Amino acid sequence: MKYANAIDPKEAAIVHTLKNLREQSQILKTRKKTVLTDPKEGSPMNYRLFRNFVALVLFLPILVTVFGAHALAQEKRSLAAQTGWWWYYNVSPDFVGTKLNDNQARLIDIKVTQASPLLFSVVMVKNTGAYQKAWGWYYGVDAGFLASQMTVLQSRLIDLETYVVNGQQKFAAVFVSNTGAQNKGWWWYFNTSPDFIAKKIKDNKARLIDLDSYEIDGNRLYSAVMISNKGADKKAWWWYYNASPDFIANKLTKNKALLTSIDRGEGDTFTVIMEKSSGQAAWWNYGKSAGELYNNALQNGARLVDVEPYDDLYAGLMVTDVSAETTRVNELMRSAVGNTGYWGVYLKQLDGPVLGAINERRPFEPASMMKALYHLKVIKQFEENLNILNTQQQPFSLSANVDDDPTTPGDERGSGCPTYQQIAVDTLANVLAKMMKNSDNRATDAILLSFGGKTGMQNFAHSIGMNDTEINHHIGCPKGDGESPNQLTLHDAGILYEGAADGTLLKPTSFAVFQQLMPNSVLGRISGIVKGRVTQFKNGVMTAEPVTGEAKKLGLTDAQADAFINAIQMAWKPGQYTVCGGNCNDVTIGGWASLPFKSGGQIVPKQYVFGVFTNDVATVAAGGLARDRGLEIFRQEIIAALKTWKAAGASSELSKTSANTGFSFKLVAEGTNAKELSMAVFDASGRAVFQTDWVANGFVWHGQDTQGQLLANGVYLYVIAVRTPDGRVVRNEVKKLIIVR
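Rules used throughout
- Residues numbered from 1 in each chain as written.
- Predicted model: local features only at pLDDT ≥ 70, side-chain atom pairs only at ≥ 80, totals over all residues.
- Heavy atoms only, no water.
- Helix = DSSP H or I, 4+ residues; strand = E, 2+ residues; numbered from the N terminus.
- Buried < 20%, exposed > 50% of the residue type's maximum accessible area, 1.4 Å probe, protein only.
- Contact = heavy atoms within 4.5 Å.
- Areas by Shrake-Rupley, 256 points an atom, 1.4 Å probe, with all protein chains shown as cover.
- Pairing = 2+ DSSP bridges.
- Axes fitted to C-alpha atoms, helices over the stretch in contact; angles between N-to-C directions.
- Core = buried A, V, L, I, M, F, W, Y, C linked by side-chain atoms within 4.5 Å.
- pLDDT = per-residue confidence, 0-100.
- Parallel < 35°, antiparallel > 145°, perpendicular 65-115°, else oblique.
- Left-handed = near helix turned anticlockwise from the far one by under 90°.
- Nonpolar A, V, L, I, M, F, W, Y, C, P; charged D, E, K, R; others polar.
- Salt bridge = Lys/Arg side-chain N within 4 Å of Asp/Glu carboxyl O.
- Phe/Tyr/Trp six-rings, centres within 6.5 Å; stacked < 30°, edge-to-face > 60°.

### Some words on the overall build of the protein chain
In step 1: Within the protein chain, the secondary structure is distributed over 17 helices and 35 strands.
In step 2: Going through the 741 residues of the protein chain one by one, you find that 57% of them count as buried.
In step 3: In the protein chain, once contacts between residues fewer than 6 apart in sequence are set aside, the share between residues at least 24 apart is 68%.
In step 4: Accessible surface, the protein chain as shown: approximately 30500 Å² in total, 51% of it carbon and sulfur.

### Considering the sheet that holds strand β9 (residues 186-192)
In step 1: Taken in spatial order, the 3 strands line up as β9-β11-β10 in an open sheet, and their pairing is antiparallel. What marks the edges here is a single partner per strand, and that holds for β9 and β10 (206-216). Recorded for the sheet is a direction-independent mean angle of 10° between the axes of neighbouring strands.
In step 2: Packing against the sheet, helix α4 (residues 194-204) makes contact with β9, β10 and β11 (219-228), and its axis sits at approximately 10° to β11.

### Remarks on the nonpolar core
In step 1: Ranked by internal contacts, the top residues of the largest apolar core, which has 59 residues, are Leu373, Tyr374, Leu376, Leu389, Ile447 and Phe514.
In step 2: One finds Met333, Ile358, Ile565 and Ile589 within the second-largest nonpolar core, a separate group that totals 42 residues.

### Section: the sheet that holds strand β8 (residues 168-177)
In step 1: Across the sheet, which stays open at both edges, the 3 strands sit in the order β6-β8-β7 with antiparallel pairing between neighbours. The strands lining the two open edges of the sheet, one partner per strand, are β6 (135-141) and β7 (155-165). On average, adjacent strands in this sheet sit at an angle of 10° to one another, irrespective of strand direction.
In step 2: When β7 meets β8, the two strands line up antiparallel, connected through 10 bridges. The residue bridging Glu161 from the neighbouring strand is Ala172, located in β8.
In step 3: Packed on one face of the sheet, helix α3 (residues 143-152) meets β6, β7 and β8 and runs near 160° to β6.

### Considering the confidence of the model for the protein chain
In step 1: For the protein chain, the average pLDDT comes to 82, and 78% of its residues sit at 70 or higher.
In step 2: A low-confidence stretch, residues 399-415 stays under pLDDT 50, and its non-local contacts, those more than four residues away or across chains, total 39 contacts.
In step 3: For the stretch residues 650-662, pLDDT sits under 50, and the model shows 24 contacts to residues farther than four places along the chain or on other chains.

### Comments concerning the packing of helix α14 (residues 524-531) against helix α15 (residues 558-567)
In step 1: Between α14 and α15, the shortest axis-to-axis distance is 10 Å and the interhelical angle comes to 155°. By the criterion of interaxial angle, the relationship of α14 to α15 is roughly antiparallel. Note on packing geometry: the crossing formed by α14 with α15 is right-handed. Listed contacts from α15 to Ser527, Val530 and Lys531 of α14 are Asp558, Ala561, Asp562, Phe564 and Ile565.
In step 2: By residue class, the composition of the contact of α14 with α15 is 4 nonpolar, 1 polar and 3 charged.

### Notes on the pattern of salt bridges
In step 1: Taken as a whole and judged by the stated rule, the model has 27 salt bridges.
In step 2: The residue Glu383 makes a salt bridge to Lys380 at a minimum N-O spacing of 3.8 Å.
In step 3: We classify Glu383 as buried; its relative accessible area is 11%.
In step 4: For the salt bridge of Arg635 with Glu550, the shortest nitrogen-to-oxygen distance reads 2.7 Å. Of the two residues, Arg635 sits in helix α17 (residues 635-648) while Glu550 sits in the loop between β23 (541-544) and α15, which places them 85 residues apart along the sequence.
In step 5: What makes Glu550 buried here is its relative accessible area of 7%.

### Description of the pairing of strand β32 (residues 688-691)
In step 1: Across 3 bridges, strand β31 (residues 676-682) lies against β32 in antiparallel orientation. Within β32, the residue paired with Val681 across the bridge is Phe690.
In step 2: In this structure, the hairpin formed by β31 and β32 is closed by a connection of 5 residues, where Gly686 is found at a positive phi of approximately 95°.

### As for the pairing of β11
In step 1: Counting buried positions along β11 gives 8 out of 10 residues, so the element sits mostly inside the fold.
In step 2: Bridge count for β9 against β11 is 5 bridges, and the pairing is antiparallel. Within β11, the position partnered with Trp187 by the bridge is Met226.
In step 3: Note that β10 and β11 share 10 bridges and pair antiparallel. Bridge pairing links Ser213 to Tyr222 in β11.
In step 4: Taking the residues that link successive antiparallel strands as the turn, the β10-β11 hairpin has 2 residues, and the phi of Asp217 there is positive, at about 55°.

### What to know about the packing of aromatic side chains
In step 1: Tallied over the full model, the rule gives 30 aromatic pairs.
In step 2: Taking the centre distance of 5.3 Å and the plane angle of 25° together, the rings of Tyr138 and Phe175 count as stacked. Residue Tyr138 is located in strand β6, and its partner Phe175 is located in strand β8; the two are separated by 37 residues in the primary sequence.
In step 3: Look at Tyr138 and you get buried, because its relative accessible area is 1%.
In step 4: The exposure class assigned to Phe175 is buried, which follows from its relative accessible area of 0%.
In step 5: Between the aromatic rings of Tyr189 and Phe196, the centroid separation amounts to 5.5 Å while the plane-to-plane angle is 75°, which identifies the pairing as edge-to-face.
In step 6: The exposure class of Tyr189 is buried, given its relative accessible area of 0%.

### Section: the environment of Ala206
In step 1: Within the secondary structure layout, Ala206 lies in strand β10.
In step 2: Note: C-alpha distance between Ala206 and Asn229 (23 residues apart in sequence) is 4.6 Å.
In step 3: Leaving out residues up to four positions away in the same chain, Ala206 has contacts with Trp187, Ile201, Met226, Ile227, Ser228, Asn229 and Trp237.

Take a look at the structure:
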């Protein structure tokens, strides 16, 4: 979470953007400033006389004749499109203006949090795509000025806020152009009653798009903005005032509706507008702190559309800002953890788009998932001579984790921390394998202490773009060192795995070693999505939930499904902490995957980076179930890959086998996007036995090692990579090679 406000960091403007969209300038951006003074120093006016004056002037409807086609009527959202969005609270008008320019955004919601000096809570969206409109905003203006400007600018109000300064009623307002496709019949009223509004709704055959409740001189008054409810703008809708949260919840269910506007009513009630839902995901919160409201929006994969500040708390409306599939996976994870703690999921195509993300930039305690960073640092340091990994000895603690009482006075490290009573040595490759495959915390500490310590490891993370990563304690010491927990984000984990796999951080030969020294089997949920998985029980306890398979649904045979799974490649690292008996359990995973798409009967893999985390959940079991369910984010990509196998027909992927000493393996770089290629061969322990640099015109390999000697019979792994003219590695496969002579 990021904050920006010079007043008080704890009461600051929350800033968030979920999409980096192309910047465009807003068309209308006019405002009028006024000199504001403390109302305590001014003379209160006769509110009764002022209200009567306003009624005479502005209770007459301002009607703009409708011409042309209708656009979406609800200005606060476009339910079919995702967009960049921001929420700021307790900020000055100048701050809002600056952020509108910086973000190339437009306002969709404005509330006054303090009349003098004037402070706002505002929600804005990127003014592009489905959200792009000619628009503007005013503050510190009177009713007459606002009415005349709407006529002059051929505009209409979409959000209206009233406040009092020195006894004078002022307005803050957001408006959009009311010409062309946006042209609608509309009306606005203020300082009036619910009965008056109800009459005008009937008279105008209209529906409300903004409704505010406020007090002046001890009287409860209302302002309203409405549009004609016909044609393309016609919707089933409802409005309620002085309604309790329970009443609102019941009406939402009964009406199958979602809220579009919320304002504080009398006491602990609210004034709301709701409209019939078309099935989109939406949420509403009340009685939340600013941080709670913001975090709830992120957890829901949503964007705020209307925020009502009151009594240092907030009520807020939010709509989904992610794909329906991401929402589905998010709700699966929510049900697993019982809505305790917080969680996230992330899937990104290598050198491509983000395909699904919830809380991808929220820091979490990664536990052993962080070990992938240590692993990467070592591989990168020795990638010019990977054989060092099999020859260089590394100090390594062989003693047990005996320090298991974190409550012991003077204990600095806590339960599970590695101890240093018996020191031995082993090769770097074996230490890395113990750290990654066995998740041995003693091996992890040996790597950390030998390669820069916490500071060095954090500096390395930041040097490769993992800017939100923090190394604060020794892994395995969740309460340890008197330090804060380690911090990681799914976005940073994605940077790590993507850079390792796409040639940015590691050469293809180095990435092959990176992959082979860590867990690289196909995860159970992934194979389950392909072939299905039944519920499994061990000692009466369920260990895996059922998973629906997709291969049979597409008409693929079991043999094809098995071949598909065998062609999947992965590299991943999980993590898990149980640090107390309450809601403080953390379960995580991050990694790389290659799915076998087919083109022309040949496998052309697509690569991905992924991550799932749960933090501060009720139980490890709940976290584990949520982690497993989070991998559902792969389902649509797996379906797309399986469809290419169906189109290609049945085929098998065979290991390269030689029955004599004269076999050859010919590699040729083909296609306009293929500039160079490389090949590396590894034995079963991960030691490089043959490798080439980038070769432009291909080469022939006869099964020899780097010294020219024929390789012995056995199982080997090989990786082939193709590099494009712009330097990107677009193909990177690790396969099995069997030599039999």
